Amino acid sequence: MIPIARPQMGEDEKSRVWEAMASGSLAQGPRVGEFEERFADFIGAAHAVATSSGTTALHLALLGYDIGRGDEVITVPFTFIASASSILYTGARPVFVDIDERTFTIDTQLIEGAITPRTKAIMPVSLYGLPAPMPAITEIAERHGLAVVEDACQAHGAAIGDRRSGTWGAGTFSFYPTKNMTTGEGGMLTTDDGALADRVRLLREHGMKVRYHHDVVGYNFRMTDIAAAIGLAQLPKLGAFNERRRAIAARYDRELRGVTIPAVPPGVTHVYHQYTIRVNRRDEFAERLKERGVGSAIYYPIPVHRQKPFIALGYGDEAYPVTDRLTEEVLSIPVHPSLSDDEVARVIEAVNATADELGPR
Ligand SMILES: Cc1ncc(COP(=O)(O)O)c(C=O)c1O
């Protein structure tokens, strides 16, 4: 079976992890600091703050902007649950806006209609490795005095023109094993706003700058030096990983038939965390790919507003038609950099044969 994801670990990861373990610095230490500096440089942001996960990076970004009870944050329901649950953790309410069906990212035409006097921030999600339309979102946010938190957990190295995801307002990244680069578990917040970075650092470490002197109630959302050691080995490879993903995607774009391939707006660099197609009779499609030895996955089978903890919050059944429709059609196929050319050819053959059987879309 060709798997949907396959993290790549090499000698560099092994020796750096062992070096961290042998040094005795196991929790947050010098490697975290070095990883933050290098990641900030890579993204092109002034500051980077490493965290225990992408979820805690999102949570801290919102707390860093002082978002809490009584506030509203605009995001999308077509995403991983952490985009919305991080808003709930702060006591604020997620206000969902539907997505653009071509790009799977927030429909900017709908944002202003969702803004109320309680709105504090917009959290677009750069899903599957395609940046959300950040310039338009930033322009709306500035006009209404709102913060911007880009959920770039799937968009390491994605860019609009020469500006990378993570350089608008606050950006958050996940280093979960399936992501374009990994630290096992881990996350990062990037920003040019020094005051935000300071506050996030404070909250990440139990509200203390001086050991055991706590200025505010904070959290333990730190990254370990062992995780940072993996990140330091992975980061120099991210460019090549992304190039391989993009080359495989380009081949899919050229050779897949009978399915809707991902749209990429002009001037945008998609890093294909997922290569997500839209297909006819999706569940059957996935089953037939499996029979042909090709793994696939649905991101995500239930939109956030229909997940159990969110139903009680009363989002309405008809509110997000594009999200509901695409939830039934999307299927992600393997695009990870460790695929061989032969495996890529087998994926293409399997998708095309299945589309021939089930009819084009
Ligand atoms: C869009 C999105 N947001 C947030 C997260 C949360 O990241 P993590 O799993 O590192 O907590 C993820 C990762 O799965 C994600 O894909």
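You'll find the structure just up there.
For clarity, every value in this text was computed on a predicted model and none was experimentally measured.

Caption draft 1: Spatial organisation of the overall build of the protein. Within the protein, the regular secondary structure consists of 12 helices and 14 strands. The C-alpha radius of gyration of the protein comes to 20 Å, within 12% of the 21 Å expected for a compact globule of 361 residues. Principal-axis analysis of the C-alpha atoms gives the protein an extent of 65 × 50 × 35 Å. Sequence-distant contacts in the protein: of pairs separated by 6 or more residues, those separated by 24 or more amount to 72%. For the protein, the accessible area works out to roughly 14900 Å², and carbon and sulfur atoms hold 52% of it. The average position of the 38 basic charges and that of the 46 acidic charges among the side chains of the protein differ by 2 Å.

Caption draft 2: Structural view of helix α12 (residues 341-358). Spanning 18 residues, α12 covers 26 Å between terminal C-alpha atoms, matching the ideal 26 Å at 1.5 Å per step. Along α12, the positions that sit buried rather than exposed are Glu 343, Val 344, Val 347, Ile 348, Ala 350, Val 351, Asn 352, Thr 354, Ala 355 and Leu 358. Looking at the buried residues of α12, the elements they touch are α8 (225-255), β13 (275-278), α9 (282-291) and β14 (330-333). One or two residues past the end of α12 sits Gly 359, with phi positive at roughly 95 degrees.

Caption draft 3: Highlighting the site of the ligand. Not every one of the 16 residues close to the ligand is listed here, only the nearest: Thr 55, Asp 151, Gln 154, Ser 174 and Lys 179. Gly 54 places a polar main-chain atom, nitrogen or oxygen, 2.8 Å from an oxygen atom of the ligand. Within the side chain of Gln 154, a nitrogen or oxygen atom sits 2.8 Å from an oxygen atom of the ligand. Relative to its unbound accessible surface of 390 Å², the ligand loses 92% to contact with the protein. Breaking the shell around the ligand down by element, the ones donating at least two residues are α3 (54-64) and α4 (82-89). Among the elements that line the shell around the ligand, the one with the most residues is α3, at three residues.

Caption draft 4: Structural context of α4. The element α4 is largely enclosed, with a buried count of six among its eight residues. Turning to α4, its buried residues number three or more, namely Ala 82, Ser 83, Ala 84, Ser 85, Ser 86 and Ile 87. Count one or two residues on from α4 and you reach Gly 91, which has phi positive near 95 degrees.

Caption draft 5: Geometry of the packing of aromatic side chains. A complete count under the given rule lists 16 aromatic pairs for this structure. Ring plane angle 75 degrees and centroid distance 5.1 Å describe the contact between Phe 39 and Phe 173, whose orientation is recorded as edge-to-face. Residue Phe 39 is found in helix α2 (residues 30-43), and its partner Phe 173 is found in strand β8 (residues 170-174); the two are separated by 134 residues along the sequence. For the pair Phe 39 and Phe 173, one class covers both residues: buried. Here a set of aromatic residues connected by ring pairs shows up, and it is made of Phe 35, Phe 39, Phe 42, Phe 173 and Phe 175. It is Arg 164 that lies over the ring of Phe 42; its NZ or CZ is 4.1 Å from the centre.

Caption draft 6: Structural detail: the nonpolar core. Ile 74, Phe 78, Ile 111, Ile 122 and Ile 137 are the most contacted members of the largest nonpolar core, which totals 30 residues. Elements with a contribution of two residues or more to this core: α5 (111-114), α6 (134-144) and α11 (321-329). With four residues, α6 is the single largest residue contributor to this core. Dropping the residues within four chain positions of it, Ile 122 is found in contact with Ile 74, Ile 111, Ile 137, Ile 140, Ala 141, Leu 146, Ala 147, Val 148 and Val 149. Within the second largest apolar cluster, 25 residues are counted, among which are Ala 249, Tyr 275, Val 279 and Leu 358.

Caption draft 7: Representation of the pattern of salt bridges within the structure. Overall, the coordinates contain 30 salt bridges when judged by the stated rule. Of the charged contacts, one joins Asp 317 and Arg 306 as a salt bridge, the two residues approaching to 2.6 Å between their closest N and O atoms. Residue Asp 317 is located in the loop between α10 (308-311) and α11, and its partner Arg 306 is located in the loop between α9 and α10; the two are separated by 11 residues in the primary sequence. Linked by salt bridges that have partners in common, Glu 101, Arg 278, Arg 325, Glu 329 and Arg 361 make up one network.

Caption draft 8: View of the sheet that holds strand β4 (residues 119-122). Spatially, seven strands are ordered β1-β9-β8-β5-β4-β2-β3 in an open sheet, and the strand pairing comes out mixed. At either end of the open sheet lies a strand with only one pairing partner, and these are β1 (47-51) and β3 (93-96). Going across the sheet, the axis of each strand differs from the next one's by a mean of 25 degrees, ignoring polarity. Across the face of the sheet, α4 comes into contact with β2 (72-75), β3 and β5 (147-151) while running at roughly 145 degrees to β3.

Caption draft 9: Main features of the packing of α3 against α4. Two numbers describe how α3 lies on α4: the axes approach to 9 Å, and their chain directions differ by 45 degrees. Comparing the axis directions of α3 and α4 gives the class oblique. Between α3 and α4 lies a crossing whose hand is right-handed. In this structure, α3 uses Thr 55, Leu 58, His 59 and Leu 62 to contact α4, whose residues at the interface are Ala 82, Ser 83, Ser 86, Ile 87 and Tyr 89.

Caption draft 10: Broad picture of the pairing of strand β9 (residues 187-191). Of all five residues in β9, five are buried; the element is thus mostly enclosed. Residues Gly 187, Leu 189 and Thr 191 of β9 are buried on one face, and the alternating residues Met 188 and Thr 190, pointing to the opposite face, are buried as well. Of the strand pairs in this sheet, β1 and β9 are connected by five bridges, and their pairing is antiparallel. Counterpart to Thr 51 in the pairing with β9 is Gly 187. Here β8 pairs with β9 via five bridges, running antiparallel. Within β9, the residue paired with Phe 173 across the bridge is Met 188.

So, how was this worked out
- Residues numbered from 1 in each chain as written.
- Predicted model: local features only at pLDDT ≥ 70, side-chain atom pairs only at ≥ 80, totals over all residues.
- Heavy atoms only, no water.
- Helix = DSSP H or I, 4+ residues; strand = E, 2+ residues; numbered from the N terminus.
- Rg over C-alpha atoms; globule rule 2.2 N^0.38 Å.
- Contact = heavy atoms within 4.5 Å.
- Areas by Shrake-Rupley, 256 points an atom, 1.4 Å probe, with all protein chains shown as cover.
- Lys, Arg positive; Asp, Glu negative; His and termini not counted.
- Charge placed at Lys NZ, Arg CZ, Asp CG, Glu CD.
- Expected span 1.5 Å × (residues − 1).
- Buried < 20%, exposed > 50% of the residue type's maximum accessible area, 1.4 Å probe, protein only.
- Near = heavy atom within 4 Å.
- Polar contact = N/O pair within 3.5 Å; in protein donor to acceptor, adjacent residues only side chain to side chain.
- Phe/Tyr/Trp six-rings, centres within 6.5 Å; stacked < 30°, edge-to-face > 60°.
- Lys NZ or Arg CZ within 6 Å of the ring centre and 35° of its normal.
- Core = buried A, V, L, I, M, F, W, Y, C linked by side-chain atoms within 4.5 Å.
- Salt bridge = Lys/Arg side-chain N within 4 Å of Asp/Glu carboxyl O.
- Pairing = 2+ DSSP bridges.
- Axes fitted to C-alpha atoms, helices over the stretch in contact; angles between N-to-C directions.
- Parallel < 35°, antiparallel > 145°, perpendicular 65-115°, else oblique.
- Left-handed = near helix turned anticlockwise from the far one by under 90°.

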